[in-house]
Amino acid sequence: MADDVVLSAPLFAGLDEESSLALVASMTPLEVVRGDVLFHEGESGDRLYIVREGKIKLGRRSNDGRENLLAVLGPGEMFGELSMFDPGPRTATATVVADAVLLELGHDELFAWLSDKPGVSQHLLQALARRLRRTNEALADLVFSDVPGRVAKALLDLSTRFGEQVDEGVRVAHDLTQEELAQLVGASRETVNKALADFAARGWVRREGRAVVLLDVDRLERRAR
Ligand code: CMP
């Protein structure tokens, strides 16, 4: 089960086609449906996953039960690697948001590949560095940006993963509930709803259940700055 989406994951960058296909062959395909939990924060973990289809959310829960989403990942993205490189508990819970097909790779197989093909490590480091950049930016936004600015940014970010060009703009089928969208932005559902209603009233977006159409990307980009 190899295709361009899977092979675009950092794990395969720097591998020739033959090696990539051999690595894919050593991975286990997994079909999961909305609501399935792949692992919980705090569990020990010895495998990573690549998304072939669907969407996965990575969330953390506070002691008083509130949830925060670190990311929503789509095709070609990887998760579950942190507790393999730095053995310890999973740093987040991985839950299926839209029915998904994943490829699973165990610790021993990964490390056998890394010692055989050191070039793979370089690309994995690059992927981790990119994730840290994003996390730093999200942290700064939490401190410096208001909720509407963060909502605009979250919509633009989701559009780079799940956006589809339509006549009126970009349709983003994020598959998140209002609650999940609020958890991603790090604000209450009411405040996020208010921001979305305001964007809709200005003609910047149109809401469609678990999707949103971005009608004026320029304005959203300016609001996100
Ligand atoms: P691990 O800690 O094994 O399990 C949870 C996974 O969530 C983690 O590996 C990463 O793959 C992913 N993850 C953790 N923090 C972030 C983040 N800030 N942004 C994106 N993904 C993350």
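Small disclaimer: the values here were computed from a predicted structure and weren't measured. (Residues numbered from 1 in each chain as written. Predicted model: local features only at pLDDT ≥ 70, side-chain atom pairs only at ≥ 80, totals over all residues. Heavy atoms only, no water.)

Once that is clear, we can look at the domain arrangement of the protein chain. Along its sequence, the protein chain is carved into domain 1 (4-142) and domain 2 (146-224). Just the C-alpha atoms count here: the centres of domain 1 and domain 2 sit 25 Å apart. At the boundary of domain 1 with domain 2, total buried surface from both sides reaches about 1500 Å², with 47% on carbon and sulfur atoms. On the domain 1 side of the interface with domain 2, the three residues burying the most area are Lys55, Leu69 and Val72, jointly 32% of the side's total. At the boundary of domain 1 with domain 2, the tally comes to seven salt bridges. Here Asp175 makes a salt bridge to Lys55, at a shortest N to O gap of 2.6 Å. Viewed at the interface, domain 2 and domain 1 are joined by eleven residue pairs in polar contact (both at pLDDT 80 or more). The set of elements that each furnish at least two residues to the side of domain 1 that touches domain 2 consists of strand S3 (47-61), strand S4 (67-73), strand S6 (93-106) and helix H5 (119-144). Broken down by element, the side of domain 1 that touches domain 2 gets its largest block of residues, six residues, from S4. Its residues assigned to classes, the side of domain 1 that touches domain 2 shows eight nonpolar, two polar and eight charged. (Domains from an automatic or database assignment. Buried area = accessible area lost by both parts, 1.4 Å probe. Salt bridge = Lys/Arg side-chain N within 4 Å of Asp/Glu carboxyl O. Polar contact = N/O pair within 3.5 Å; in protein donor to acceptor, adjacent residues only side chain to side chain. Helix = DSSP H or I, 4+ residues; strand = E, 2+ residues; numbered from the N terminus. Nonpolar A, V, L, I, M, F, W, Y, C, P; charged D, E, K, R; others polar.)

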